[in-house]
Amino acid sequence: MPTAARPISLSLVFACLAGTLALGLVVKAPCASGDWGDGRQYERLCYSDIVPLLGTEQLAGGRLPYLQPCDVNAPGECDEYPVLSMWTMRAAAGISGGDVARFFYANAFILFLAAFVIVACVYLIANGRALWVALAPTMLIYATMNWDLLAVALATAATLAYLRRRDVWSGILLGLGAAAKIYPALLVVPFVAGRFRSREPARGTYLTWAAVGAWLVVNAPFALAAPSGWWEFFRFNARRPADWDSVWFIACQRATGEYSCGHVGAINLASAGLFVALVAVVWRWKALREPGFPRWTLGFPIMVLFLLSNKVYSPQYGLWLLPWFAIALADLRLFVAFELADVAVFVTRFSWFGEYSGFGGLPIGAFEVAVLIRAAVLIVAVVAWVRRRVDVPVVAPLEPELVAAPA
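Residues numbered from 1 in each chain as written. Predicted model: local features only at pLDDT ≥ 70, side-chain atom pairs only at ≥ 80, totals over all residues. Heavy atoms only, no water.

1. Describing the overall build of the protein chain
Thought 1: Check the secondary structure of the protein chain and you find 19 helices and 0 strands.
Thought 2: In terms of overall size, the protein chain behaves like a compact globule, its C-alpha atoms giving a radius of gyration of 21 Å where 407 residues would be expected to give roughly 22 Å.
Thought 3: Within the span of the protein chain, comprising 407 residues, buried residues form 54% of the whole.
Thought 4: Within the protein chain, contacts between residues separated by at least 24 positions form 72% of all contacts whose residues are at least 6 apart in sequence.
Thought 5: When the accessible surface of the protein chain is summed, it comes to about 17000 Å², and 69% of that surface belongs to carbon and sulfur atoms.
Thought 6: Averaged over its 31 positive side-chain charges, the protein chain has a centre that lies 11 Å from the centre of its 26 negative ones. (Helix = DSSP H or I, 4+ residues; strand = E, 2+ residues; numbered from the N terminus. Rg over C-alpha atoms; globule rule 2.2 N^0.38 Å. Buried < 20%, exposed > 50% of the residue type's maximum accessible area, 1.4 Å probe, protein only. Contact = heavy atoms within 4.5 Å. Areas by Shrake-Rupley, 256 points an atom, 1.4 Å probe, with all protein chains shown as cover. Lys, Arg positive; Asp, Glu negative; His and termini not counted. Charge placed at Lys NZ, Arg CZ, Asp CG, Glu CD.)

Here it is, written out as structure tokens:
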């Protein structure tokens, strides 16, 4: 886009993001020390996975993830994350020297760098709507909740590379993103579909193999050297029950009155089947309404439907959607509605955890209502994406031979 078409400067977007991240750090600071005996993580809403995982991932003593076995007698899960996330933790633990607070702030620094990459990429794609990401409450409360910003940064950079027709780089970035968090692998489908739709199957093939190759380069050494440790991420997620924030949990809890939802294998199959079916329906529906729609924008409904149908919707997963609201669904009202619902889930979730742990808080019903409202907002967003004509961002001139290509 010409400079004249960019009334909002990147420096302003960065300044807003810096303010959001600083406020988020203030919110999390009371929990950084790991002294949670008074229930402050729930009462002051400062919980972060980063703080306890220094211990539960057994990184304080210099253990090398996957390559050195976990102590099976220690509490909590160990080596439960993909390679890039686990080794980001390992690097931060090495910097912090085993101190919990320093571990938190070392990871915060890494994640803040990822946040700046995200808004820079969104700015290059959607200009002023990068402010949506920079000022989002979801960014404030979840930037340092877990390590998802690493994958979001790689996935957003891959989207920019795709729109600039750098398909191999887009694939590499998606493969690296999947090595940090599996979800960027989902974007391979709409990106390749877009190239096939524009009659460029070779580009789609290059992207696919680049993604597979990048993922293998990161994962193969650990899979070969320590297959049992490396496989723990997949083993853990296969046996993981329905998470608190999922619709599956609410259905189980309301049906049985229990907080532990069984039948994990059946839920795994049902959620996978439901996801594929919903994507097929939405894809077909959109194609009937707008046959020539840009297939890469399917990334937005694919991620929403994955979150809604999956047995796990960890609270920080809302970060995955921030760039896509700005890029593929330019509706400020729906974005604000999602943000309000996401904040409501955050507040009611951890307040309920305080009640569940004996520190006092809101009942589980308030949390479940917030989860259902967020799900309803996301369903409305998908319907809005289907019903509206996609406004395709232009981030680089089209190559001459594509100008006359059929839509």
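2. Concerning the environment of Gly 299
Thought 1: Note on placement: Gly 299 falls in helix H15 (residues 299–309).
Thought 2: Sequence separation between Gly 299 and Cys 70 is 229 residues; the distance between their C-alpha atoms is 36 Å.

3. Here we look at the packing of helix H10 (residues 188–197) against helix H11 (residues 201–225)
Thought 1: Where H10 contacts H11, the axes come no closer than 7 Å and their chain directions differ by 160 degrees. In this view, H10 runs roughly antiparallel relative to H11, as classed from their interaxial angle. For the pair H10 and H11, the crossing hand works out as right-handed. Together, Val 188, Phe 191, Val 192, Arg 195 and Phe 196 of H10 and Pro 201, Arg 203, Gly 204, Leu 207, Thr 208 and Ala 211 of H11 make up the contact between the two elements. (Axes fitted to C-alpha atoms, helices over the stretch in contact; angles between N-to-C directions. Parallel < 35°, antiparallel > 145°, perpendicular 65-115°, else oblique. Left-handed = near helix turned anticlockwise from the far one by under 90°.)

4. Observations regarding the packing of helix H4 (residues 83–96) against helix H5 (residues 100–126)
Thought 1: Packing of H4 against H5 leaves a shortest axis separation of 8 Å and a crossing angle of 130 degrees. It follows that H4 is oblique to H5 by the angle criterion. Once H4 is placed against H5, the crossing between them reads as right-handed. Contact residues: H4 offers Thr 88, Met 89, Ala 92, Ala 93, Ile 95 and Ser 96, while H5 offers Arg 102, Phe 103, Ala 106, Asn 107 and Ile 110.
Thought 2: When its residues are assigned to classes, the contact of H4 with H5 shows 7 nonpolar, 3 polar and 1 charged. (Nonpolar A, V, L, I, M, F, W, Y, C, P; charged D, E, K, R; others polar.)

5. Regarding the state of the cysteines
Thought 1: Here the structure, examined in full by the defined rule, presents 2 disulfides.
Thought 2: Here Cys 70 is linked by a disulfide to Cys 78, with a sulfur-sulfur distance of 2.1 Å. Given an S-S torsion of about -75 degrees, the disulfide between Cys 70 and Cys 78 has left-handed geometry.
Thought 3: Classification of Cys 78 by relative accessible area gives buried; the value is 9%.
Thought 4: Of the cysteine sulfurs around Cys 16, a residue in no disulfide, the closest is that of Cys 121, at 18 Å. (Disulfide = S-S within 2.5 Å.)

6. Details of H5
Because each turn of an α-helix spans 3.6 residues, side chains separated by three or four positions in sequence point in the same direction.
Thought 1: Between its first and last C-alpha, H5 extends 38 Å over 27 residues, near the 39 Å set by a 1.5 Å rise per residue.
Thought 2: Looking at where H5 begins, the residue whose side-chain oxygen comes 3.2 Å from the main-chain nitrogen of Ala 101 is Asp 99.
Thought 3: Backbone geometry just after H5 places Asn 127 at a positive phi near 50 degrees. (Expected span 1.5 Å × (residues − 1). Polar contact = N/O pair within 3.5 Å; in protein donor to acceptor, adjacent residues only side chain to side chain.)

7. Remarks on the environment of Gly 361
Thought 1: The residue Gly 361 is located in the loop between helix H17 (332–356) and helix H18 (364–387) in this model.
Thought 2: Counting along the chain gives 275 residues from Gly 361 to Met 86, while the straight-line C-alpha distance between them is 33 Å.
Thought 3: What Gly 361 contacts, discounting residues up to four positions off in sequence, is Ser 351 and Glu 355.

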